[in-house]
There are 2 protein chains.
Amino acid sequence: MTTPSRRRGRPLKAHASFSQTREDLIRVGMAILTEKGFLAAGLDEILSAVNVPKGSFYHYFESKERFGAVLIERYAAYFAGRIDRFLLNAECSPLERLKEFTRDAERGMARHGFRRGCLVGNLGQEMGALPDGYRRQLSSVFKDWEARTAKCLEGAKDAGEIAVDADCKQLATLFWIGWEGAVLRAKLEQSAKPLRIFADGFFAVVQK
Amino acid sequence: MTTPSRRRGRPLKAHASFSQTREDLIRVGMAILTEKGFLAAGLDEILSAVNVPKGSFYHYFESKERFGAVLIERYAAYFAGRIDRFLLNAECSPLERLKEFTRDAERGMARHGFRRGCLVGNLGQEMGALPDGYRRQLSSVFKDWEARTAKCLEGAKDAGEIAVDADCKQLATLFWIGWEGAVLRAKLEQSAKPLRIFADGFFAVVQK
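Read on for an overview of the structure.

Cut-offs used in this document
- Residues numbered from 1 in each chain as written.
- Chains lettered and ligands numbered in written order.
- Predicted model: local features only at pLDDT ≥ 70, side-chain atom pairs only at ≥ 80, totals over all residues.
- Heavy atoms only, no water.
- Contact = heavy atoms within 4.5 Å.
- Buried area = accessible area lost by both parts, 1.4 Å probe.
- Salt bridge = Lys/Arg side-chain N within 4 Å of Asp/Glu carboxyl O.
- Helix = DSSP H or I, 4+ residues; strand = E, 2+ residues; numbered from the N terminus.
- Nonpolar A, V, L, I, M, F, W, Y, C, P; charged D, E, K, R; others polar.
- Expected span 1.5 Å × (residues − 1).
- Buried < 20%, exposed > 50% of the residue type's maximum accessible area, 1.4 Å probe, protein only.
- 1 Å grid on protein atoms, 1.4 Å probe; cavity = no way out; pocket = protein on both sides within 12 Å on 5 of 7 lines; lining within 4 Å.
- Points joined across faces, edges and corners; volume = space filled by probe spheres on them.
- Axes fitted to C-alpha atoms, helices over the stretch in contact; angles between N-to-C directions.
- Parallel < 35°, antiparallel > 145°, perpendicular 65-115°, else oblique.
- Left-handed = near helix turned anticlockwise from the far one by under 90°.

Bringing the interface of chain B and chain A into the picture now. On the chain A side, the residues contacting the 38 residues of chain B number 38 residues. Here chain B and chain A share an interface that buries about 3,500 Å² over both sides, 65% of which is from carbon and sulfur atoms. Contact with chain A buries area across many residues of chain B, yet Gln125(B), Ile177(B) and Leu188(B) alone supply 21% of it, more than any other trio. Between the two partners, chain B and chain A, sit four salt bridges. Its salt-bridge partner being Arg185(B), residue Glu146(A) comes within 2.7 Å of it at the nearest N-O pair. Elements supplying a minimum of two residues to the side of chain B that touches chain A: helix H1 (12–36), helix H6 (119–125), helix H7 (133–158), helix H8 (168–189) and helix H9 (193–206) of chain B. At 13 residues, H8(B) tops the list of elements feeding residues into the side of chain B that touches chain A. Looking at the side of chain B that touches chain A residue by residue, the class counts come to 17 nonpolar, 12 polar and nine charged.

The subject of this paragraph is H9(B). For H9(B), built from 14 residues, the straight-helix expectation of 20 Å at 1.5 Å per residue is met to within 8% by its first-to-last C-alpha distance of 20 Å. Burial analysis of H9(B) places 10 of its 14 residues in the buried class, which makes it a mostly covered element. Turning to H9(B), its buried residues are Pro194(B), Leu195(B), Ile197(B), Phe198(B), Ala199(B), Gly201(B), Phe202(B), Phe203(B), Val205(B) and Val206(B). Buried residues along H9(B) sit against helix H8 (168–189) and helix H9 (193–207) of chain A together with helix H5 (94–111), H7 and H8 of chain B.

Now for H5(B). All names here are of chain B. Across its 18 residues, H5 extends 26 Å between first and last C-alpha, which sits within 8% of the 26 Å expected from 1.5 Å per residue. All buried positions along H5 are accounted for by Pro 94, Leu 95, Arg 97, Leu 98, Lys 99, Phe 101, Thr 102, Asp 104, Ala 105, Glu 106, Gly 108 and Met 109. Buried residues belonging to H5 abut helix H4 (64–87), H7, H8 and H9. A positive phi of about 60° marks Gly 113, the residue just after H5.

Before going further, it helps to spend a moment on empty space enclosed by the protein. Enumeration over the complete set of coordinates arrives at two cavities of 30 Å³ or more. Each pocket or cavity is described by its volume, and for the largest cavity that value is around 50 Å³. Lining the largest cavity are Leu174(A), Phe198(A), Gly201(A), Phe202(A), Val205(A), Leu174(B), Phe198(B), Gly201(B), Phe202(B) and Val205(B). Elements with a minimum of two residues in the lining of the largest cavity: H9 of chain A together with H9 of chain B. In the lining of the largest cavity, the residues fall into eight nonpolar, two polar and no charged. Here the second largest cavity is characterised by a volume of approximately 40 Å³. As for the second largest cavity, its lining consists of Cys118(A), Gly121(A), Asn122(A), Glu180(A), Val183(A), Leu184(A), Lys187(A), Gln125(B) and Leu184(B). Contributing elements (two or more residues each) for the lining of the second largest cavity: helix H6 (119–125) and H8 of chain A.

Another aspect to go through is the packing of H7(B) against H8(B). Residues and elements named next belong to chain B. The N-to-C vectors of H7 and H8 enclose an angle of 125°; their axes lie 8 Å apart at closest approach. Considered as vectors, H7 and H8 are oriented oblique to each other. Taken as a pair, H7 and H8 cross one another with a handedness that is right-handed. Two secondary-structure elements touch here, H7 through Phe 142, Trp 145, Glu 146, Thr 149, Ala 150, Leu 153, Glu 154 and Lys 157 and H8 through Cys 168, Lys 169, Leu 171, Ala 172, Thr 173, Phe 175, Trp 176 and Glu 180.

Just geometry here; none of it tells us what the structure is for.
Structure follows, in structure tokens:
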């Protein structure tokens, strides 16, 4: 990435390296929080994976709390993109898009040996011990995912795939409540089966 | 509790006090793990709540890992009793028993300000950072709860409340997958609504 002029006289290379290192911290932080949650994620582990000396952390983030908030933001944006890749895919029917999203998640969890779950679910579970500001942030992320899912279900309704009187907003909330439970259980059992059982149950409700 | 003879010459009072203190540690430990999980539960917090000096912990439990295993065991036994209180209640129909279990859980979470969730769910979420021996233990607890629930659903089938071809074992698994997700979300949102949404969705599947 180049910029037309150097800001505050900081050398261009150092600037690039600063933002690259910050990105690396975010990337590694997201991976570790997706696996272990916030409480077990040692800052030392993240810093050493990116070769950042311990004392330099506050050069990149003003506080650990802020670092966590950035990780939630980034994961939310990444995951919204992933949801859209499936739910806006015009090549298949709306309900098939949501089904394919669940199948892809199964493949994704298997690829990481069922160690990685959902960063938002992990932090939600840990809320009793996390900064209270995360609560609204995590809750908004679920609302955003639900809105995208409800829109897809509305499409399924228009396409005649689900009942005309289905409450798509409620069904989308049901989906995310149960899906997070399924991800948790898939991690515990180290198996895709809980994801499949929940998805089958959910699609039985919407298609009844 | 009295014993007919003193074992190993330990004074009776001291013996009673030892088991009472051990019970207190288990009781406080369960409450804290139900709220915050294992990782955020400081041993110091538990010990000071019971007035046990830090150095005395290993007098009561051989290790922190063993303490955690005892807490899982105890919670599982307590919760199996709670499930049975509802699911074996001959005063109402089998499906009504399960519905009443979900309503009671709503009331229970509200009573604790939606801070306390499920100890087994909390630890399941944290498995990425917990002793691997807990995995089988937690997984067995879910299997036990599922077996009790499947039995109740079989009763509902016999009573004609659900379809004769319903797969009760699968439905019981679906219940516990989604219910744990609902408890997680109820804690995050500090509201009973996720519990209600999942319960309504689940009963819509079984009664269809």
